[in-house]
Structures are given as C-alpha cells and as structure tokens.
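Each chain, written out:
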Amino acid sequence: MNLVDIQNVLDNASFATLGVATLSYWVYAAFKKPKWISDLASIGMSIAALTTTGLLVARWIESGHPFPVSNLYESLFFLCWCICAVHVGAEWFSRERLIGVFTAPVATLLAAFASLVLPANMQTSAPLVPALQSNWLMMHVSVMILSYGTLLVGSLASIAYLWVTRKAKNLELRGSSIGTGGYRRVDKAETVQSEPKTSPQTSYAFQNAEGGTLTMETEAPVATALQTSSLADILDNTSYRLIGLGFPLLTIGIIAGAVWANEAWGSYWSWDPKETWSLITWLVFAAYLHSRLTIGWQGRKPALLASLGFVVVWITYLGVNLLGTGLHSYGWFF
Amino acid sequence: MTSNSFKKNLFWLGVQRELLSILGSLPLAITLFLVIALCSTVGTVLPQQEGPQYYQQNYPDQGKVLFGFLTWKVILALGLNDVYRAWWFLALLILFGTSLATCSFLRQIPMLKSARKWRFYDNPKRLKKFALFTEVPATLEQLIQEFQQKGFQIHTEGQKIYGHKGLLGRVGPIIVHVSIILILLGGMLGALTGFKTQSMTPDGEQFDFHQLTSPGPWTVAPKWQVKVNRFWIDYRPDGSIKQFYSDLSIIDTDGKEKARKTISVNDPMNYDGVSLYQASWGVDSILFRVNDTPWVKIPMRPLEQVINGKETWGAIIPLDNNDQAKMVLATNGLQGTVQAILFGAKQPIPISLKPGVPAELTPSLRLEVKGVTGATGIQSKKDPGTVLVYTGFGLLMIGVMMSYLSHSQVWGFAKDGVVYFAGRTNRAQITFEREFMSVASNLQNRQSGPSDVIRAEPSALSKEPRR
C-alpha cells in the first residue's frame, strides 16, 4: 500500500467513525441508555482523532511541505482533527458527554465535505504558490485553524448550554469572573432538573445530586454542604475555558499573519476580507469574554454571543473565500 | 476660592467622574466590540476604494434601489466606499482606545490592587458567604499543607490563613489593554508619517518617490532612487511560477550605488527605513523584427481575457489603414513562446514565435522575437509606527496568554480542632471546585484513615454519564 492508498483508507475511516460517533451520541442523548453506546461515541471520537492524525502525517510525508496544510482538503481535515482532539479534551475536562451531541456532527460534516464534496483534483497535494513559500505559513495557518477548532468546540459547549437551559428561568451561574459567582446562591433549587441519583450512602461518600448540591456526610461535626456545579454550570465553564484558550490562539494566529504580511508585502494590516473577518471573530469573542465580567449578564447572554461566534468562525474560515478576492484567495476552489 | 466656583468645580468633577465611569464601563466596551465588528463587515461586502462612477453605476438612486436606501449618494456621503478610513470609523477606534485606557485605570488596576491584598477571616459567617465553603476536623498545618500541594501561596496570621495562586491572571488583561493601545498608536503614527506606494518598472529602468499616492501629512519622501538591474521569474517544469526575483540597487542623488540586493516574494530589501517588496509583475515589451529590419521594441499591455488559464499580455500592430489587416502579439509570461496572429486573410493565421528562432511564413516574410522584457511590481513602504505595533504584538501575545490563568483565593481558620475554609476563583470554576473538594476529602481521610480513601475520591463527584 502506498501513501496515497493509506490516505484514502484513513479518509474514509475518519468519516465512517465520525458518523457512527454522531449517531451514538444522538441515540444516547435521546434515550439516555444504554451506557455502552455513550462509551462507543467517546471511543469513536478518539479513533477519529487518531485516523485524521494518520491521514495528515501520511500527507505530510507525501507532499514534503513543511506542514501539511496547503489546500482546502488538508485544511478541512486539520480542522476536523482539531475539533476531535479538543472534544476529547473537553469531555475529559468536563466529564460530560453532552458536548458530543453537538461536536460530533460538525466533525462529521467537515470530513464528509472534504472527502465527498470536494472534487478529486482538489484533494491531491500541489506545490505551493510563491506567496505561501514561507516558514510563517506553518505558524500562521496551523495556529489559526487550531484556534478555530478550539473556539468552535467552545461555542458548541455554549450551544449545548443553551439547549440544556432552554426551559430554565432565573439562571444564576457561578462562572462570572468578577466574583459574584464566588458567593453562595441563596436559592438552592437548581435550574436543570432531573431526578437526583442517590448513590448508597456510607460514611461520607460525595452524593452527587443532579441539582448541583454536594453534601459531605460525616460522622464528625456535620460539614456544611458544599455547593458544586450543575450540568449547566459545567457546560458554561467548559465553554468559557475553551474560548479562553481559543482566544489567545486566535490572537497569536492573527499576529503571526500580520507579521508575515509585513515581512512579505510590507503591510501588517490591509483590511483584506479574510483579515477583516478574523478581526470580527476576535471582536465577537472579546465581547463574549467581557460579557462574562458584566453583572447581570451571566448565563444565556454570553452563551448567545458565543453562538454568534460559532457562525462568525465559519464565515471567516470558509465564507470569506466565496468572495474570491483578497490576499487569501489562493489554494481554494472558490 | 469662592463657594460658588467651588460648587461649579464640584459639579464638573461629578460630570467628569460620571463620564469616565461610562467610558470605562463594560457595557460600553461590549457595545464597541460589536459595533466595530458590524461596521467592519460593510467593507467586506461593499467593494472598497472604487471610483465614484463605479458606485453611480452599481448603486443607482432611481429604479431598483438596493435595500431601499443604499444609493451611491448614501455610500459616498457616509464614506462606505472606504469604510476603514472613514472619519466615523476612525472616531470609533479612538473611542475604543480611550475606553480601554479608562477601563485599565478605573477598573483593572484597582482590582489588581485589591486582589493583591491579603485578607484574613476568622468568622464562619463571613466564610459561609462563599459558594465553596466547608469545615473539616483537622489542624491548620494540615490545611496549609494541602493547599500548598495544590500550588497555593499561603500566608498566615495566628490561626488564620490566606492563600492565593494565579495572580498573573489579573495582570494579563492590563497588559492586553496596554498593548492594544500601543498597536492603535502605532497605526496612527504610521498613517501620519509613513507612505506606501506601488511601481511597475521595466527591467533595467529606475523609479523614485516623487509621486506618492497617499502620503501622510508629515511624510518625508526619500530622495534616492531604485534601479531594477534585472527582473526574472523561475518556472517549474510544468510551467507554473516558482518564484519572482528583482535585482535592485539604491542610487543616491549623485548617481552612486549605496546598496544592492536581489529580492523575492517573502524576502524584501530594507534601506533608510523604507522596505521594498516584490509585489507583482508584468510583461513590459518584446523585441521584434520582420525580416532584417532593426529590432523594434513593442510595448505590451495586460489583456482583459485570460488565455491558457493564465494572465496574458498583448499588443496590436495595424498593417493597413482601414483596420482590416493587423497582427496581434500575445504572451503568457517571460518564458515560452509569443503568439502572433495575422488577421486580414480569410482565416486568421496563428504563428508561434520562439525567442531567437525566426519563423518563415513565406520565403520572403520572416518574423522573429528576440526576447520578452518583464516589468517588476515593487511595493515600497515606510512605516515608523511598526516599532510600536510590534511591541504591542509581543505584549499582546504575552498578556492574552497570562489572561488564561485563573486567580484563585482561599481563606481559612482553625478553631477547636476544626478547620473552616472557603475559596473562590475568577475563571476556572470547575477545576478550582475539584481542587477544593480534593483538599476537603484529603483532610477527611487523614482523620479517618485510609480505608475510606477510595470512596471519597473527588472523581466520585460527578458520575458519568450525567444526563
């Protein structure tokens, strides 16, 4: 088997695995059982992360480019890899499987678009045009796509949050950065209701009430009940941390692009459509990060801004190229 | 000071304070982010920097008006033809910068100051106000140990402790704000004192900086000239372009060469604060003759149409007075053949001319091309603001990474063999919660022996799957 065959196999395998993972997440979200199907979903995402890694490595060896992101096909699969990898990290961090309901289909669509919709001549690797022959290419493009992946998963967590809290009123989250959230809720009644799972109590196992109240039962002086995060809190904070991670990456990616442009063309900023939209993305997520500091803005409003960010990232990544003008119009079929 | 003027001062002081607090407020910041974002989209949808005729043709004020209001008059009046240089867009950016600075002084620095203060509490009621609060039978030393293991810096005062980590997470946003102000200032400096210009120069000729397209009000144009010693293109075997090269010399007013370098895309030349970039290229002329006439230089112009999927340059040579017989010369670049097409006969006659190889049409008519001369598109730029902008870039990257850190604080005290402790963090709530739980359960385990350790592991906090 040569490298091109390996790529074809891995390409199809990624798409198939992601499709299975998506279905598993949806089945599990709908019926809340069986447990193994949620495991299958998680394993599917991990396998997809590995197969896309293999695909990119095979492409890397074959093309001999400093980094295997030089056309749309490669960039789609790199973004797909980013989403899978960030998803695996987010699932591990949040210990929540709900995010997969939203991330898995996005990764599947990316893989499907790259391997089924793109014409075959655009899937093969090609030599780089003069403008892209620079070490900055790797720095700029890889960091940008990494930031897109992180921001997309982060905003999907916010969309999951909006889904979970769609019927809730009077949300009060603890995730605010000014510290209001650092204080105790007056009303312990939680917003996200589902039957509390009472595990058999022994001396002081932590009881994980779904409502988010965690009690420590001790024989010793009765410990004050610790309030911990509910599902909504967890999704909210996962989203915040991911966007908080994607934002520096986006900043570094834009700066790398600006410095590259200045070294190559003599202008660090030229209001090219792609540049402008990356700035718009930056501004929208900056608004999100600041909205979390604002009193009275916790909960759904920042999540709505993050969802807006989700749309804006797609415009920046793909939509701008539909215009077909500007510095970023090579390497694309539009 | 009379009491009246004192009152007046007090009034203005109040107004000033009110204005500043609005200027530094978060809702204004968020509004500015979104408004600037929205205005920026305009320039990516509406064609920018076209001539007035373009807008008159495409956005008429009679008949079908786009969205019912978007006529060329509106576009030109609002400066939508050049959004990013419109006065109101620049005003927005200035407001943005002012808001950033105000926010730093009014909010961030006081917050950092208060975050740096060590506070101690010994009243359970005070601690209970925190969402994360608990009490465990243990000693103060054990509590300190546990928090230190989690990376907290602990300060003690009697039986009270205060611990913190991630204070840099409060410094980061201040650096971010300062760096963005630097970038904005650098951009302004560049616009006021710099210049940027494009020139298309044929191989072997010179260009200077007498006519700058849009210099800033305080721009000083260089006196020296640039000579293009040679311009050439490297092609790949398949005919695609690999790289462009221009061999440039700087010539001073006395005609002396001061510096020389061969530039290519991604490898510019710097001289006297001016950078020279390989930006574009074209075909300038071809040397052509018929039979044994002297070589004639025929200027080539870019053609609208694309031939062979590539840009094409061409020239038309009339062969008679009534525009019937003519010859068209066309080429895709500096390499390969020149196409000559003769019109006037019944059928146009195409001829491929390879440089240096004469093509015999008839025994008495011979066409020959000696060579194709290219023109190099050089972008020249001087931007004294770059230093500020790059400093801003560097600081911005550092600041924005620091801002990921979460500033966590814990308070605790010991009383009658029980430790009471509480804590909070500003970003990583989930992680902090787990740390806090782990401290609480470790302290419990120390008291009750290792047999319960497993059950009290913090991972038991949330059993997957939740939902």
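Since the model is a prediction, treat every value here as computed from it, not as a measurement.

Peer 1: Is there a simple way to think about the overall build of chain B in this case?
Peer 2: Helix and strand counts for chain B come out as ten helices and 20 strands. A compact globule built from 467 residues would reach a C-alpha radius of gyration of about 23 Å, whereas chain B, at 36 Å, exceeds it by more than 25%. Across the 467 residues of chain B, 46% fall into the buried class. Sequence separation of at least 24 residues holds for 56% of the intrachain contacts in chain B that already meet a minimum separation of 6. Carbon and sulfur atoms provide 58% of the accessible area of chain B, an area that totals close to 24600 Å².

Peer 1: Mind showing me how you'd approach unusual backbone geometry here?
Peer 2: Note: most peptide bonds trans; most residues except glycine with negative phi. One non-glycine residue, Trp271(A), lies in the positive phi region at around 55°. Residue position: Trp271(A) is located in the loop between α7 (231-265) and α8 (273-291). Not every positive phi belongs to a glycine, and Asp416(B) is a case in point at roughly 50°. Mapped onto the secondary structure, Asp416(B) falls in the loop between β19 (408-415) and β20 (418-425).

Peer 1: Is there a simple way to explain the pairing of strand β6 (residues 225-235) of chain B in this structure?
Peer 2: Within a regular strand, side chains alternate between the sheet's two faces. Residue and element names in this part refer to chain B. Strand direction decides the pairing type here: strand β5 (residues 206-207) and β6, joined by two bridges, are antiparallel. Residue pairing across strands places Gln206 opposite Lys227, the latter belonging to β6. Bridge count for β6 against strand β7 (residues 241-251) is ten bridges, and the pairing is antiparallel. Looking at the pairing, Gln225 lines up with Ile251 of β7. In this structure, the hairpin formed by β6 and β7 is closed by a connection of five residues, where Gly239 is found at a positive phi of approximately 95°.

Peer 1: Whenever I open this one, helix α6 (residues 135-164) of chain A confuses me. Can you help?
Peer 2: Along an α-helix, residues three or four apart share an orientation, since each turn contains 3.6 residues. With 30 residues, α6(A) extends 44 Å between its outermost C-alpha atoms, agreeing within 8% with the 44 Å of an ideal straight helix rising 1.5 Å per residue. Counted residue by residue, α6(A) has 23 buried out of 30 residues, so it is predominantly covered.

Peer 1: In this structure, what is going on with the sheet that holds β7(B)? I would like to understand it.
Peer 2: Backbone hydrogen bonds hold the strands of a sheet together, and the pairing may be parallel or antiparallel. Strand order in this open sheet of four strands is β5-β6-β7-β8 (chain B), and the pairing throughout is antiparallel. In this open sheet, the two edge strands, each paired with only one partner strand, are β5 and β8 (257-264) of chain B.

Peer 1: How should I be thinking about the packing of aromatic side chains in this particular structure?
Peer 2: Geometrically, a pair of aromatic rings is defined through the distance of the ring centres and the angle of the planes. What the rule picks out here adds up to 34 aromatic pairs over all chains. An angle of 10° between the planes, with centres 5.8 Å apart, marks the rings of Phe78(A) and Trp81(A) as stacked. In this pair, Phe78(A) and Trp81(A) are both assigned in helix α3 (residues 72-94), three residues apart and thus about one turn of the helix distant. Of the residues examined, Phe78(A) reaches a relative accessible area of 8% and is grouped as buried. Assessed through its relative accessible area of 24%, Trp81(A) is described here as partly exposed. Taking the centre distance of 6.3 Å and the plane angle of 90° together, the rings of Tyr268(A) and Phe393(B) count as edge-to-face. With one member in each of two chains, Tyr268(A) in the loop between α7 and α8 and Phe393(B) in helix α9 (residues 386-402) form a pair that bridges those chains.

Peer 1: Sorry if this is basic, but what is going on with the environment of Ser264(B) here?
Peer 2: Topologically, Ser264(B) is positioned in strand β8. Not counting residues up to four positions away in its chain, the partners in contact with Ser264(B) are Gln243(B), Phe244(B), Tyr245(B) and Gln278(B).

Peer 1: Explanation requested: the domain arrangement of chain B in the structure shown.
Peer 2: How big an interface is tends to be expressed through the accessible area that disappears when the partners come together. When cut into domains, chain B gives domain 1 (3-107), domain 2 (118-166 + 406-460), domain 3 (192-281 + 377-395) and domain 4 (283-373). Taken over C-alpha atoms, the centre of domain 1 of chain B sits 34 Å from the centre of domain 3 of chain B.

Peer 1: What should I look at first to understand the pattern of salt bridges in this one?
Peer 2: It is possible for side chains of opposite charge to pair when their charged atoms get near one another. Residues and elements named next belong to chain B. Under the definition given, this model contains 16 salt bridges over all chains. A salt bridge links Asp247 to Arg260; the shortest N-O distance between them is 2.6 Å. Taken together, the positions of Asp247 in strand β7 and Arg260 in strand β8 put the pair 13 residues apart, joining distant regions of the chain. Asp247 gets classed as buried once you look at its relative accessible area, which sits at 11%.

Peer 1: What is the right way to read a positive patch on the surface from this model?
Peer 2: Positive charge collects at one region of the surface, where Lys113(B), Lys117(B), Arg119(B), Arg126(B) and Lys129(B) lie side by side. Mapping Lys113(B) onto the fold places it in helix α5 (residues 87-116).

Peer 1: How should I be thinking about the sheet that holds strand β13 (residues 313-318) of chain B in this particular structure?
Peer 2: Residues and elements named next belong to chain B. Strands sit in the order β12-β13-β14-β15-β16 across an open sheet of five strands; the sheet is antiparallel. The open sheet has two edge strands, β12 (301-302) and β16 (349-353), and neither has a second partner. Bridge count between strand β15 (residues 338-343) and β16: five bridges; the pairing is antiparallel. By the bridge assignment, Val338 is partnered in β16 with Leu353.

Peer 1: Sorry, what's going on with the packing of helix α2 (residues 26-45) of chain B against α5(B) here?
Peer 2: The geometry of a pair of packed helices is captured by two quantities: the angle between their axes and the separation between those axes. Residue and element names in this part refer to chain B. Their axes nearest at 10 Å, the elements α2 and α5 cross at an angle of 155°. What the angle tells us is that α2 and α5 run roughly antiparallel. Considering how the two elements wind past one another, α2 and α5 form a crossing that is left-handed. Residues Leu26, Leu28, Leu32, Phe33, Val35, Ile36, Cys39 and Ser40 of α2 lie in contact with α5, whose contacting residues are Trp88, Phe89, Leu92, Leu93, Leu95, Phe96, Ser99 and Arg107.

Analysis parameters
Residues numbered from 1 in each chain as written. Chains lettered and ligands numbered in written order. Predicted model: local features only at pLDDT ≥ 70, side-chain atom pairs only at ≥ 80, totals over all residues. Heavy atoms only, no water. Helix = DSSP H or I, 4+ residues; strand = E, 2+ residues; numbered from the N terminus. Rg over C-alpha atoms; globule rule 2.2 N^0.38 Å. Buried < 20%, exposed > 50% of the residue type's maximum accessible area, 1.4 Å probe, protein only. Contact = heavy atoms within 4.5 Å. Areas by Shrake-Rupley, 256 points an atom, 1.4 Å probe, with all protein chains shown as cover. Pairing = 2+ DSSP bridges. Expected span 1.5 Å × (residues − 1). Phe/Tyr/Trp six-rings, centres within 6.5 Å; stacked < 30°, edge-to-face > 60°. Domains from an automatic or database assignment. Salt bridge = Lys/Arg side-chain N within 4 Å of Asp/Glu carboxyl O. Patch = residues over 30% accessible without salt bridge, like charges linked within 9 Å, V, L, I, M, F, W, Y side chains within 5 Å. Lys, Arg positive; Asp, Glu negative; His and termini not counted. Charge placed at Lys NZ, Arg CZ, Asp CG, Glu CD. Axes fitted to C-alpha atoms, helices over the stretch in contact; angles between N-to-C directions. Parallel < 35°, antiparallel > 145°, perpendicular 65-115°, else oblique. Left-handed = near helix turned anticlockwise from the far one by under 90°.

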